[in-house]
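Residues per chain are reported as follows:
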Amino acid sequence: MSYKTILTEVNGKVATITLNRPEVLNALNDQLMDELGAALLTFDADDNIGCIIVTGSEKAFAAGADIASMAKRSLQDVYRHNFISRNWEHMQKVRKPVIAAVSGYALGGGCELAMMCDTIMAADNAKFAQPEIKLGIIPGAGGTQRLPRAISKAKAMDLALTGRMMDAAEAERSGLVARVFPKADLLKEVKAIAKDIADMPLLTTMMVKEAVNTAYETTLSQGIHFERRLFHTCFGTNDQKEGMAAFIEKRPAKFTNS
Ligand code: CAA
């Protein structure tokens, strides 16, 4: 498929989607979100892909929802067309691991998009913010909900009420970001991590994702019960037999994603 606002690339079992509206620092408009959703769902359905990276440019992962295309919209219009929900929720349908590789600005919807991914790896120049308050709106793509879960209520309030930017070091310290790399190395490092994940048994990576995400949606006892059932399910896969046999026989495992 040919896209106008994103670039896609496949290296082995790793797919990389690059947001590509450089003239507006990857501001997220309808077309970009439609294309991003289509690419995510295509790679998710592709049996040859084991991990997906979403990234932007060195200067901007994404500077937020497209303000120019939002400025004149009315309540009636955004409510009627369910603005944000329609094409921003494709990410939640993806069952394979998705890594956000963030360099530069991840602001507003850009920060929210990164948080929709399963983990965030950042360059040392990354800057995260929820600056919507300065535009007279609140975050609309999950920022007020995912930020307090990812960092803390105190820091989420601080960021959403002031709109200030948080640098990569603070984001890593706060738990928003898993790892920070020098800007020039970000993509190389994240691709290596994605390859490691893609080489794991696919059904098991999908179960890890489903189990960890369940921690956000349920009580501890229900989450532990769900984890236990998925853990039991692993024993029905060929990859569990192979992984354990390979350990005992002191040889590398040959997973078949079955
Ligand atoms: N939407 C539309 N266009 C944007 C944009 C956005 N979110 N962010 C940047 N741009 C455009 C600018 O208008 C500018 O275009 P022109 O060259 O035509 O003037 C171009 O990108 C480059 O931007 P700047 O000249 O401003 O670059 P800078 O380096 O001086 O500043 C910046 C960079 C600090 C990121 C600044 O552009 C900025 O503050 N952007 C807006 C950030 C923002 O408020 N994001 C939240 C949007 S609301 C939202 O996301 C709602 C939600 O929850 C879903």
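Residues numbered from 1 in each chain as written. Predicted model: local features only at pLDDT ≥ 70, side-chain atom pairs only at ≥ 80, totals over all residues. Heavy atoms only, no water.

Visitor: Which residues make up the packing of helix α5 (residues 109-116) against helix α6 (residues 143-150), and what values do they have?
Guide: Remark: α5 packs on α6, axes separated minimally by 10 Å, with the N-to-C direction vectors making an angle of 55 degrees. Relative to α6, the element α5 is oriented oblique. Helix-helix and strand crossings are classified by hand; for α5 and α6 the assignment is left-handed. Of α6, the residues touching α5 (which contributes Glu-112, Met-115 and Met-116) are Gly-143, Arg-146 and Leu-147. Its residues assigned to classes, the contact of α5 with α6 shows three nonpolar, one polar and two charged. (Axes fitted to C-alpha atoms, helices over the stretch in contact; angles between N-to-C directions. Helix = DSSP H or I, 4+ residues; strand = E, 2+ residues; numbered from the N terminus. Parallel < 35°, antiparallel > 145°, perpendicular 65-115°, else oblique. Left-handed = near helix turned anticlockwise from the far one by under 90°. Contact = heavy atoms within 4.5 Å. Nonpolar A, V, L, I, M, F, W, Y, C, P; charged D, E, K, R; others polar.)

Visitor: Break down the pattern of salt bridges for me, with residues and values.
Guide: Within the structure shown, the criterion is met by 14 salt bridges. Across the salt bridge formed by Arg-164 and Glu-170, the nearest N and O atoms sit 2.7 Å from each other. When its relative accessible area of 27% is taken as the criterion, Arg-164 is described as partly exposed. We classify Glu-170 as buried; its relative accessible area is 9%. A salt bridge links Glu-249 to Arg-251, with the nearest nitrogen and oxygen atoms 2.8 Å apart. Each of Lys-155, Asp-158, Arg-164 and Glu-170 takes part in a single network of salt bridges with overlapping partners. (Salt bridge = Lys/Arg side-chain N within 4 Å of Asp/Glu carboxyl O. Buried < 20%, exposed > 50% of the residue type's maximum accessible area, 1.4 Å probe, protein only.)

Visitor: Outline the sheet that holds strand β8 (residues 127-129), listing residues and values.
Guide: The strand order across the open sheet built from four strands is β4-β6-β8-β9, with neighbouring strands paired in mixed fashion. Because the sheet does not close on itself, it has two edges, and the strands there are β4 (60-62) and β9 (166-167). (Pairing = 2+ DSSP bridges.)

Visitor: Explain the packing of helix α10 (residues 202-214) against helix α11 (residues 220-234) to me, and be specific about the residues and the numbers.
Guide: One way to put it is that α10 packs onto α11 with a least axis distance of 9 Å and a crossing angle of 175 degrees. Between α10 and α11, the angle falls in the class roughly antiparallel. Residue-level contacts link Thr-204, Met-207, Glu-210, Ala-211 and Thr-214 of α10 to Gly-223, Phe-226, Leu-230, Thr-233 and Cys-234 of α11. Residues of the contact of α10 with α11, tallied by class, amount to five nonpolar, four polar and one charged.

Visitor: Go over the site of the ligand with me, naming the residues and quoting the values.
Guide: The local shell around the ligand holds 24 residues, among which Ala-65, Ile-67, Gly-109, Glu-112 and Glu-132 are the closest. At 2.9 Å, a backbone N or O of Ala-65 approaches an oxygen atom of the ligand. A distance of 2.7 Å separates an oxygen atom of the ligand from a polar atom in the side chain of Glu-132. The fraction of the free accessible surface of the ligand (980 Å²) that becomes covered by protein chains is 62%. (Near = heavy atom within 4 Å. Polar contact = N/O pair within 3.5 Å; in protein donor to acceptor, adjacent residues only side chain to side chain. Areas by Shrake-Rupley, 256 points an atom, 1.4 Å probe, with all protein chains shown as cover.)

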